[in-house]
Amino acid sequence: MSTTAARPDPVRIAVLGCADIARRRMLPAFAASPDVEITVVAGRSADRAKELADRFGCRAATGYESALADDEVRAVYVPLPASLHATWVERALLADKHVLAEKPLSLSLPDSRKLTALARERGLALMENVMFVHHAQHAAVRKLLADGAIGELRAFQAAFTVPRLAAEDIRYRPELGGGALTDTGVYPVRAALHLLGPDLEVAGAHLARGTGFAVDTAGAALLRDGRGVGAQLTFGLDHAYRNSYELWGSTGRITVDRAFTPPADHRPVLRLENTDGVREVVLAPDDQVANTVAAFVTAVRTQAPPDAAILRQAALLDAVRGLAAPGEGTER
């Protein structure tokens, strides 16, 4: 008699929207996972939805409601513009679907509180698609810190900035929740939470709007924790590219490049400088997109409650907005 356990049924997922991140990252990762079955791609445009559905061998739907009403669908992925996240995440939860939503989960702490509470009440998984936290390089950094490789932590610095995008890009549209804080600012804020812990508050913040833009295109924030560790964060949508963080300790420093969006075949290199000299710690490649899909599947199957980091991140983003508000309208 075989003792091999039967494999659980795949999580049947609907994709609400045909965004670039769905096309390039998430749909290929869903298709590659034996634990996920893409059931339907829904879009405002019938042609775009059909093109994606044909590519991934699933049904197409025009509009999102029909996907939520589909009894075969167990979970949904929401890659819509940020201003639409709260509405469609709530509708998905009310339709008893587990949800993987693009970051940020919503544009305010109260909305994020409402959504996480609803998920808990209904016993549904709700996960924010912050993929970099699932990459093994950050666990390696945490181990170096725990092992005292740089002594006592004193300071943290993180930056995620990208060059100017096409003028019609949704990230420059305020009605869709665009802006540097919403788009690139989430990364350094979440990195600070991931590496310094939840006991963080915003000590200062600045948002700037480039000439001719209707949203913030640059920003910075100063955070601090209960130990006195400061975190300097930089983000922007009209900059030379940067994607890194550094941790300074009493006896050394760790630098991580390509911190937030490393390709699956990238071999991360952690630069460690301390009293023993300078060395590079070369790690094995890791696929943070596949890891994120696996984490979501586990959350669905175990009906895991939402990660507390969702609300801590939302609180910090709200605080940055609040402190930066007096100068937010100033063009630079």
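Reference entry: report on the structure contained in this document. (Residues numbered from 1 in each chain as written. Predicted model: local features only at pLDDT ≥ 70, side-chain atom pairs only at ≥ 80, totals over all residues. Heavy atoms only, no water.)

What to know about the overall build of the chain
The secondary structure content of the chain amounts to nine helices and 14 strands. In terms of its C-alpha atoms, the chain occupies a principal-axis envelope of roughly 60 × 60 × 35 Å. Burial status across the chain gives 51% buried among its 332 residues. Of the contacts made within the chain by residues no fewer than 6 positions apart, 68% connect residues no fewer than 24 positions apart. (Helix = DSSP H or I, 4+ residues; strand = E, 2+ residues; numbered from the N terminus. Buried < 20%, exposed > 50% of the residue type's maximum accessible area, 1.4 Å probe, protein only. Contact = heavy atoms within 4.5 Å.)

Section: the environment of C18
Assignment of secondary structure puts C18 in the loop between β1 (11–16) and α1 (20–32). Since its relative accessible area comes to 8%, C18 is described here as buried. Contacts of C18, omitting those with residues within four sequence positions, involve R23, V41, A42, G43, R48, A49 and L52.

Structural notes on the packing of helix α5 (residues 109–122) against helix α9 (residues 309–324)
Between α5 and α9, the shortest axis-to-axis distance is 9 Å and the interhelical angle comes to 165°. As summarised for this structure, α5 and α9 are arranged roughly antiparallel, according to the angle between their axes. Crossing of α5 against α9: the hand is right-handed. Facing α5, whose interface residues are L109, P110, S112, R113 and T116, α9 presents I310, L311, A314, A315 and D318. A per-class count over the contact of α5 with α9 returns six nonpolar, two polar and two charged. (Axes fitted to C-alpha atoms, helices over the stretch in contact; angles between N-to-C directions. Parallel < 35°, antiparallel > 145°, perpendicular 65-115°, else oblique. Left-handed = near helix turned anticlockwise from the far one by under 90°. Nonpolar A, V, L, I, M, F, W, Y, C, P; charged D, E, K, R; others polar.)

What about the pattern of salt bridges?
This structure, assessed with the given rule, holds 26 salt bridges. Notably, a salt bridge pairs R7 with D35, separated by 3.2 Å at the nearest N-O pair. Separated by 28 residues along the polypeptide, R7 in the segment before β1 and D35 in the loop between α1 and β2 (36–43) bring together distant segments of the chain. R253 is paired through a salt bridge with E246; the nearest N and O atoms lie 3.8 Å apart. Taken together, the shared-partner salt bridges in this structure form one network comprising E246, R253, R271 and E273. (Salt bridge = Lys/Arg side-chain N within 4 Å of Asp/Glu carboxyl O.)

Describing the environment of H98
Along the polypeptide, H98 turns up in strand β5 (residues 98–101). Each C-alpha atom, one on H98 and one on A125, is 4.9 Å from the other, the two residues being 27 residues apart in sequence. For H98, the residues in contact, after removing those within four places along its chain, are R74, A75, V76, G123, L124, A125, F296, V300 and Q303. A polar side-chain atom of H98 sits 2.9 Å from the main-chain amide nitrogen of A125. (Polar contact = N/O pair within 3.5 Å; in protein donor to acceptor, adjacent residues only side chain to side chain.)

Section: the pairing of strand β3 (residues 59–62)
Summarising the sheet, β2 and β3 pair through four bridges and their orientation is parallel. Note on β3: the bridge partner recorded for A42 is A61. (Pairing = 2+ DSSP bridges.)

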